[in-house]
Every structure is written in C-alpha cells, then in structure tokens.
Amino acid sequence: MNRNEVHPMDRLIRADRMPHIWCPGCGLGTNFTCFLEALNQSGLDPDKNVIVSGIGCTGRVPGYTNIDSYHTTHGRAIPFATGLKLANPELTVTVFSGDGDLFAIGGNHFIHAARRNVDLKIICVNNFNYGMTGGQFGSTTPLGAKTTTSPYGNYEHPFNLVQLAAASGAVYVARWTSLHVRRLTNSIKEAFAKKGFTFIEIISPCPVSFGRRNKLGEGLDEMRYYRENSVIRHGIDPNEADLDLNEKIIVGKFIDIDKPTFLDNQPKLHIPD
C-alpha cells in the first residue's frame, strides 16, 4: 500500500495504536471490523457516538476506535455508560466488552441496566474464559471445559447469556459467532436503530488459551467448527439456546420488542411540591 492509499475504515480506526495486542487466531479483529462496518453503514454521526469497555482482551476495542471512547475499571463499563447516556441523551452509547467483565464482576450492573431499560447497546464477546489474565474459568465456561483453574473440567453451571438478558428486560437479544460476519454486522446495525437496552452475544475463538486446552485447534479450526455446528433459530425462547461443548451452537435473533426506556418513564413521574 502506498502513502496515498488508506484503509477503508481509516476514519474510524486509531492507526497510531496499531499493531493491536490480540493473539493470532483471536476473533476480536473480526468482531471489531463488524462493529466498524455497522457504524459506517448506520449513518450515525461519529461525534455523537461513544464506546465504553471494562478490563480484558475485548476491553481494548475502544482504544482502537476513532470515536470518543472510555476504558473503565473491571466490571464497571455499564454504570459508566449509563452515566454518559443520562447526562447526554443524544449520544449513542455502546458497551463493547467480554463475558468476564460484563457477567462476572459486572453482572449485577448488567441485570439492573436491562431492568431499567437504559438505552445502551451492549456487545459481549464470549470466549468462555478470562483470556487476558491467564485463561481461568468464568461465569460462561461450559460444563466439562478445561481451563487453567479447571484442569479436570469445569463443574459449575454457566450462564446462558441470552436467557439472562431477556429475563432481565432487554428489548433486543441476539447471538452470533465470529464466523457470521454479515449477520453480526446487520445485528449491530439493528441494535443502533433500536431504542432501549439491546444485547448481542458473540461466540468467539480464544485459540491460545481456551481453544488449546480444549483441543479445538487454531483460530481457523474454531471457525470451521462454528460453520459446521451453528444452527440459526430466530425467535425461539432464549431458554432453549443454552450452550454445551457437545451440542449445536444456537444462534439468531431471539428478542425484538418495544417498551418505554428509563428516560421515557422519568418525566412521567409526579414529583410533589
């Protein structure tokens, strides 16, 4: 590439932060591209878009995005994003973080923001372990899966994230894998256009840690696994979309409803003199 040529997403990428820190075969580069493409196609004003993350591998995404971005403390991305949205309702606020950050230390914040229907766009990259800090098992690690802290197999029941989001009150709930680039991009675009608390789970490879310990192969091997084992089932009860190492991966759009947001309800409250 000569100096006169630019990357198609150059205006949305902080090129000075490259090269990125993600491992070879990690799905985060693909997920990041889907987000940028959705943002580009949506026609939203970048100056009125904000992206927030917590700690973890996925938490590096805002640092590479050329819009206002915030890398917050572990588990606190959603309350920080809530404050941004309430302070300036004109902003489109996206939280882009990992399963450990959003559902382990940050789980309580997730369920209450969903319950309140705060107008936030939540994207969770689920790689089934704490990839950045050593590959420990977490709240989404499948039963029987091996990690650094479950060398003989995990025996704790994991969260079904799409079920948890729906039960907590999210108005839009979907799940895709890093393989489903077009469907994922379209889903993020739908979330941008949706008013209320939206949630998208992305099943993504972590070949250096989770994949290696569970003999899933390299990043491309995991993508082939997604291709051969993913089943699209739009509109089903998220309770039927549990994840299991030995079962098909259920993907699709499960919830798409409308209801008043937190800010919609706030002016309706009668405050006595």
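On a predicted model such as this, the values are computed, not experimentally measured, just so you know. (Residues numbered from 1 in each chain as written. Predicted model: local features only at pLDDT ≥ 70, side-chain atom pairs only at ≥ 80, totals over all residues. Heavy atoms only, no water.)

Undergrad: Which parts of the structure should I look at to understand the overall build of the chain?
TA: In terms of helices and strands, the chain carries ten helices and eight strands. For a compact globule of 273 residues, the expected C-alpha radius of gyration is about 19 Å, and the chain comes in at 18 Å, within 12% of that figure. The dimensions of the chain, computed from C-alpha atoms along their principal axes, are 65 × 50 × 35 Å. Classification of the 273 residues of the chain by burial places 49% in the buried group. (Helix = DSSP H or I, 4+ residues; strand = E, 2+ residues; numbered from the N terminus. Rg over C-alpha atoms; globule rule 2.2 N^0.38 Å. Buried < 20%, exposed > 50% of the residue type's maximum accessible area, 1.4 Å probe, protein only.)

Undergrad: Help me understand the environment of Phe-192, please; the structure alone is not making it clear to me.
TA: Of note, Phe-192 is situated in helix α7 (residues 181-193). Residue classification places Phe-192 among the buried residues on the basis of a relative accessible area of 9%. Residues Phe-192 and Val-93, 99 residues apart in the sequence, show an inter-C-alpha distance of 9.1 Å. Sequence-distant contacts of Phe-192, that is, excluding residues within four places in its chain, are made with Phe-35, Ala-38, Leu-39, Ser-42, Leu-44, Asn-49, Thr-92, Thr-94 and Lys-121. (Contact = heavy atoms within 4.5 Å.)

Undergrad: What exactly am I supposed to notice about the pattern of salt bridges here?
TA: For side chains of opposite charge, pairing can occur when their charged atoms come near one another. What the rule picks out here adds up to eleven salt bridges. Here Asp-119 makes a salt bridge to Lys-85, at a shortest N to O gap of 3.5 Å. Of this pair, Asp-119 sits in the loop between α5 (107-116) and β4 (121-126) while Lys-85 sits in helix α3 (residues 77-87), and the two are 34 residues apart along the sequence. You'll find Asp-119 and Lys-85 in the same group, each marked buried. Because the salt bridges share partners, they merge into one network encompassing Glu-190, Lys-194, Lys-253, Asp-256 and Asp-258. (Salt bridge = Lys/Arg side-chain N within 4 Å of Asp/Glu carboxyl O.)

Undergrad: Help me understand the pairing of strand β1 (residues 49-53) in this model?
TA: Along any regular strand, the residues point their side chains to alternate faces of the sheet. The buried count for β1 comes to five of five residues, which makes it a mostly enclosed element. When β1 meets strand β2 (residues 68-71), the two strands line up parallel, connected through four bridges. If you follow Ser-53 over to β2, its bridge partner there is His-71. (Pairing = 2+ DSSP bridges.)

Undergrad: Is there a simple way to explain the environment of Phe-159 in this structure?
TA: Inspection of the secondary structure assignment puts Phe-159 in the loop between β4 and α6 (161-168). Along the chain, Phe-159 and Met-132 lie 27 residues apart, while their C-alpha atoms are 20 Å from each other. If we ignore the near neighbours within four places in the chain, the residues touching Phe-159 are Phe-103, Ser-139, Thr-140 and Leu-164.

Undergrad: Please clarify how helix α9 (residues 219-229) should be interpreted in this entry.
TA: For an α-helix, 3.6 residues make a turn, and residues three or four places apart therefore share a direction. Taken residue by residue, α9 has Gly-219, Glu-222, Met-223, Tyr-226 and Asn-229 as its buried positions. All buried residues of α9 project into a common sector of 145° when viewed along the axis, lining one side. Facing away from the buried side of α9 by more than 90 degrees, the exposed set consists of Leu-220, Arg-227 and Glu-228. Each element contacted by the buried residues of α9 is listed here: β5 (172-177), β6 (198-203), α8 (207-213), β7 (230-232) and β8 (249-256). (Arc of directions from axis to C-beta.)

Undergrad: So what exactly am I meant to see when it comes to the packing of aromatic side chains here?
TA: The relative placement of two aromatic rings is captured by the distance of their centres and the angle of their planes. Scanning the entire structure with this criterion turns up twelve aromatic pairs. Here Phe-103 and Phe-199 contribute two aromatic rings whose centre-to-centre distance is 5.7 Å and whose plane-to-plane angle is 75°, an arrangement assigned as edge-to-face. Highlighted residues: Phe-103 in helix α4 (residues 99-105) and Phe-199 in strand β6, separated in sequence by 96 residues. What makes Phe-199 buried here is its relative accessible area of 0%. (Phe/Tyr/Trp six-rings, centres within 6.5 Å; stacked < 30°, edge-to-face > 60°.)

Undergrad: In this structure, what is going on with the nonpolar core? I would like to understand it.
TA: Soluble, globular proteins show a tendency: their nonpolar side chains are buried together. Counting residues in hydrophobic clusters, the biggest one holds 37 residues, and the most contacted among them are Phe-35, Leu-36, Phe-96, Leu-184, Ile-188 and Ile-200. At the level of elements, α1 (28-42), α2 (61-64), β4, β5, α7, β6, α9 and β8 are the ones that each hand at least two residues to this core. Setting aside residues up to four positions removed in sequence, Phe-96 forms contacts with Asn-31, Phe-35, Ile-51, Val-52, Ser-53, Thr-58, Val-61, Pro-62, Ile-123 and Val-125. (Core = buried A, V, L, I, M, F, W, Y, C linked by side-chain atoms within 4.5 Å.)

Undergrad: Please clarify how unusual backbone geometry should be interpreted in this entry.
TA: Comment: phi is negative for the bulk of residues other than glycine, and the bulk of peptide bonds are trans. Here Met-18 and Pro-19 are connected by a cis peptide whose omega angle stands at 5°. Residue placement: Pro-19 occurs in the segment before α1. Not every positive phi belongs to a glycine, and Phe-128 is a case in point at roughly 70°. Examined against the element boundaries, Phe-128 turns out to sit in the loop between β4 and α6. Phi angles above zero are rare outside glycine, and Lys-215 is one such case at about 55°. Along the chain, Lys-215 falls in the loop between α8 and α9.

Undergrad: Sorry, what's going on with the side chain of Asp-119 here?
TA: On the basis of relative accessible area, Asp-119 is assigned to the buried category, the value being 15%. Looking at Asp-119, its side chain comes within polar contact range of the side chain of Lys-121, at 2.8 Å. Once you skip the residues sitting within four places of it in the chain, Asp-119 turns out to touch Lys-85, Lys-194, Lys-195, Gly-196 and Phe-197. (Polar contact = N/O pair within 3.5 Å; in protein donor to acceptor, adjacent residues only side chain to side chain.)

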